[in-house]
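What the coordinates show
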Amino acid sequence: MKPRMWLARLALAGVATTWVFAAQQTGSRLTGGNGTLYIGGYPNVIWIIDEASEKVIGTIQTKTGIPRRLTLSRDLKRFYNIDATNEHVEIIDIASRTTVDSFRLTEGDKRVRIASLEPDPQHRYLMMITKAATKLRDRVEIGPSQLQQFDLKERKITRTVPWPDGQERDQGNLMFSPDGKLLYFLANETLIFETEKFTLVDKWDLSNFEDGLGQVSVSFGGFGGFDTVNDEPGFLTTILTVEDPVQHRRIMGVARINLVKRDLEFHTIGPAGGVNFVLAPDRKRAFGLESAVGRYQFWTFDFDQRRVISRMEFDGRPRMSLKSSSNGRVLYIYNAGNTIDLYEAATYKYMRSITLDGDVTTAFYVVPRQSPPTRR
């Protein structure tokens, strides 16, 4: 299906601008909302933080080592964690704060590393991208990248899904449709499998999504995986870049991808750059973080106006990641350290920091008390 596309007016010169939301009243303490924050770190812990008080209210001790790639299930009930060695998978029940199961695929001289995983909506099995390295007498033999199904009840691999056209894929994110009947392999192309026999039913090449434009590069994921808490089921909102067919420059834009209908809405923002992109809870705005040596900027995107309405440089730090609070009024900066820094979203003003007992090592999840509203 042909996507809808708008070439929006560039609004990146200077610090502009029109705010679509207001800060809290002067004199009151601005907080991020009443959600719960989760982030893993060293050594072997997931911190649980009350968003309103900004205090650590509990921890989950991981049993398989340092948590690294933390995946939150769609029903917000479980974490599926891959440890720092990429060999151990640990399944954590969030309500009881306990490990309900763990496993590894490594056996003997064959070491199997797991690049990514996704649980099916009913928690019956995992789909994983794996790669094995076998130690031989005179060398280490690296096996192919594989898309595999792991049955959580039988605790074993039950299926290896053939790659379409025999073309191996090393990297990609996995996502199920809301009803669990389809599995999406998300990269610059989207492979769509039915989940009964895992046969390929469609292939969506985003590189040819619009006539007259060059190759598309899609930014899925981030520090430990992608976070879809604020997106509607079956949708992804992300940054992608296209090539200007006239001057052959890379142009950055925002895409709202409807995976179920295989459609997208896209509008350009300006010249391509490294921007960490997060969707706001109201789905009408998003925030960006541009991070380069000596240049750190906050961005605010407005989807109704289809443009960047504000950006501003600030005193950042190397290796930053960005997250929006559950009410969209606070921006969280984390990564590479033991602090979560809080900035006011309306002004980009630094407010304060949450200090943890160790360095963070995983993605950061902001879980609201109620599901985010449906976008109008």
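The coordinates are above.
Notes on the structure follow. The structure displayed is predicted, hence computed values, not measured ones.

Attention shifts here to the sheet that holds strand β25 (residues 321-324). Spatial ordering of the open sheet is given by β25-β26-β27-β28, a layout of 4 strands whose pairing is antiparallel. Looking along the sheet, the strands with just one partner apiece sit at the ends: β25 and β28 (350-355). Strand-to-strand twist of the sheet, defined as the mean angle between neighbouring strand axes without regard to direction, takes the value 25 degrees. Both β25 and strand β26 (residues 330-334) contribute to a ladder of 4 bridges, which runs antiparallel. When the sheet's bridge partners are listed, K323 is paired in β26 with Y332.

With that settled, consider unusual backbone geometry. The step from Y42 to P43 runs through a cis peptide bond, and the omega angle for that step is -5 degrees. In this structure, P43 sits in the loop between β2 (36-41) and β3 (45-50). Non-glycine residue R262 carries a positive phi angle of around 55 degrees. Mapped onto the fold, R262 is located in the loop between β19 (250-258) and β20 (263-271). Phi at N335 takes a positive value of approximately 105 degrees, unusual for a residue other than glycine.

This part takes up the sheet that holds strand β23 (residues 295-302). An order of β21-β22-β23-β24 is seen for the 4 strands of this open sheet, with the pairing classed as antiparallel. Each of the sheet's edge strands pairs with one partner strand only, and the pair in question is β21 (275-279) and β24 (307-313). Pairs of neighbouring strands in the sheet enclose a mean axial angle of 20 degrees, with direction left out of account. Sheet topology places β21 next to strand β22 (residues 285-292); 5 bridges connect them, and they run antiparallel. From the neighbouring strand, F277 faces β22, where its bridge partner is G288.

Cut-offs used in this document
The residue numbering used here restarts from 1 in each chain and proceeds along that chain's sequence as written. Totals for whole chains, interfaces and linings use all residues, but because this is a predicted model, local features are given only for residues with pLDDT of at least 70 and pairs of side-chain atoms are given and counted only at 80 or more. Note: side-chain values were computed over all heavy atoms of the structure, leaving out hydrogens and water. Here the rule is simple: two strands pair whenever DSSP picks up at least two bridges between them. Starting at the N terminus, helices and strands are each numbered in turn, a helix being any DSSP run of H or I of at least four residues and a strand any DSSP run of E of at least two. Helix axes are fitted only over the stretch in contact, all axes being lines through C-alpha atoms; the angle between N-to-C directions runs from 0 to 180 degrees.

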